[in-house]
Amino acid sequence: MSDTATALPQGDESQITGKSIRLEGVTKRYPGQTTPAVDGVTLEIPAGQVVMLVGPSGCGKTTTLKMINRLIEPTDGRIVLGDEDVTDIDGDQLRRRIGYVIQAGGLFPHMTVAQNIAIVPKMLGWDAQRIEERTTELLDLVSLDPDTYRDRYPKELSGGQQQRVGVARALAADPPVLLMDEPFGAVDPITRQRLQDELIRIQHELRKTIVIVTHDFDEAVKLGDWIVIFREGAQIVQYDTPERILAEPADEFVESFIGSGAGLKQLNLRRVRDVELREAVTARPGEAAADVLARVEQAKHGHAVILDERDRPIGWPSRRQLSRLTTLADAVDETTPIVGQDATLNDALDEMLVSSAGAAIVTGRRGVFVGVITVEVVMEAIRAVRDAAGDDIGGAPVGTNAEVTQDG
Ligand SMILES: Nc1ncnc2c1ncn2[C@@H]1O[C@H](COP(=O)(O)OP(=O)(O)O)[C@@H](O)[C@H]1O
Ligand SMILES: [Mg+2]
């Protein structure tokens, strides 16, 4: 229970590309409101970390987020980005340095994927070749094949693909800060899980400062290095690591927000990369099925993993299926259970249950095959977590929130 996937290794601060964000006594009073939507919030968001803003509907999460890039102007207080007070600088200039992602990506429907991604680089005056190279790089980063998707329109993409493009667009000019407002609210649970894993992986590479609004506490536990729990008026009830909030909820409000089964939610903290994977027999499209079957039998395995030219799994035929084939096809089998290394064990279990294979293929960076996770390994880890959840898992926090004061 020591660190989450995005926790910062000690002494590794050189790779952080994010900047810290400080809200100092920030208030928003909408016209006609008797009580402020956001009431004197002071909040320190550390550079290179993922901070989740959670709380009930209407508590001021979106208003707080939009004051960071000044889509909403604060009534009072200061906003500091890195060392720079940005409260009064030009808002458009500020927003070019802060990526912003909303539900379903918020893409412009009349623009292609490439045109959507190019918006900020164009405003910054980049030349065509630089924009094109950046677009390719970003589509690759969010796991969309550039040649396939560059010229498509948003309506030709699934919800999850639109969301990926939204993230690519927000990252286009390499901003130090990324703001996301319920980014995965509009997609189905399996797609949401994959997008969450993808974001964790991207953050491993980029080390931005990311602030995410969600009303889903499980999502906050999964993605956050830190969680801020708000109540009405964006009053901070608790600001701590997921581990500590689960172990020591500040009060009954937080307890009720966490919901029942806090112990089981600890499972959302264990990840596929934390457990031992099994090796697998791998094969390539075009190979003779009989040869592959012989290797599978020799290894006493049940399946072979078919990998494409970039070592990404595209299929997972069983012995039985292999015995009925002559050569291995190069078509992608969409039913193949695949989880990323950053997926939680809960997610891995879901994927296995859906596919009823009792195991799932694990992929790493750029979707490359790394091994197989079995249901036995997951059940063993779940038992260990359950046993530990009974104990006091307190102790030193991963960081400090001493700078955070509770206002109001
Ligand atoms: N443009 C607006 N004008 C007036 N009141 C608003 C406006 N936007 C939000 N509010 C009010 O401010 C409060 C906080 O809203 P919001 O920040 O959207 O909360 P959350 O994102 O946590 O659901 C709510 O009471 C909401 O009704
Ligand atoms: Mg909101």
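Just above sits the structure.
Rules of the game
Residues numbered from 1 in each chain as written. Chains lettered and ligands numbered in written order. Predicted model: local features only at pLDDT ≥ 70, side-chain atom pairs only at ≥ 80, totals over all residues. Heavy atoms only, no water. Helix = DSSP H or I, 4+ residues; strand = E, 2+ residues; numbered from the N terminus. Polar contact = N/O pair within 3.5 Å; in protein donor to acceptor, adjacent residues only side chain to side chain. Buried < 20%, exposed > 50% of the residue type's maximum accessible area, 1.4 Å probe, protein only. Right-handed = clockwise from strand over helix to strand, strands pointing away. Pairing = 2+ DSSP bridges.

A. Quick look at the side chain of Arg-271. Among the structural elements, Arg-271 can be located in the loop between helix H12 (262-265) and strand E11 (281-283). Here the side chain of Arg-271 touches Asp-342 through a polar contact of 2.8 Å, landing on its backbone oxygen.

B. How the structure looks around the environment of Gly-25. Counting through the fold element by element, Gly-25 comes out in strand E1 (residues 21-28). Of the residues examined, Gly-25 reaches a relative accessible area of 23% and is grouped as partly exposed. The spacing of Gly-25 and Leu-43 is 18 residues in sequence and 8.3 Å in space, taken between C-alpha atoms.

C. Just the pairing of strand E12 (residues 304-307), in detail. Burial along E12 is two-sided: the residues Ala-304 and Ile-306 and Val-305 and Leu-307 are all buried. On the question of chirality, the crossover connecting E11 to the parallel E12 by way of helix H13 (residues 289-298) is right-handed. In this structure, E12 lies alongside strand E13 (residues 313-315), joined through 2 bridges in antiparallel fashion. Bridge pairing in E13 places Leu-307 opposite Pro-313. Here E12 folds back onto E13 in antiparallel fashion, the turn holding 5 residues, of which Asp-311 has a positive phi close to 65°.

D. Just the pairing of E1, in detail. As defined by bridge partners, E1 adjoins strand E4 (residues 76-81) across 5 bridges and the pair is classed as antiparallel. Bridge assignment links Ile-21 to a residue of E4, and that residue is Leu-81. Pairing of E1 with strand E2 (residues 38-45) involves 5 bridges; the strand directions are antiparallel. Residue pairing in the sheet places Val-26 in a bridge with Val-41 of E2.

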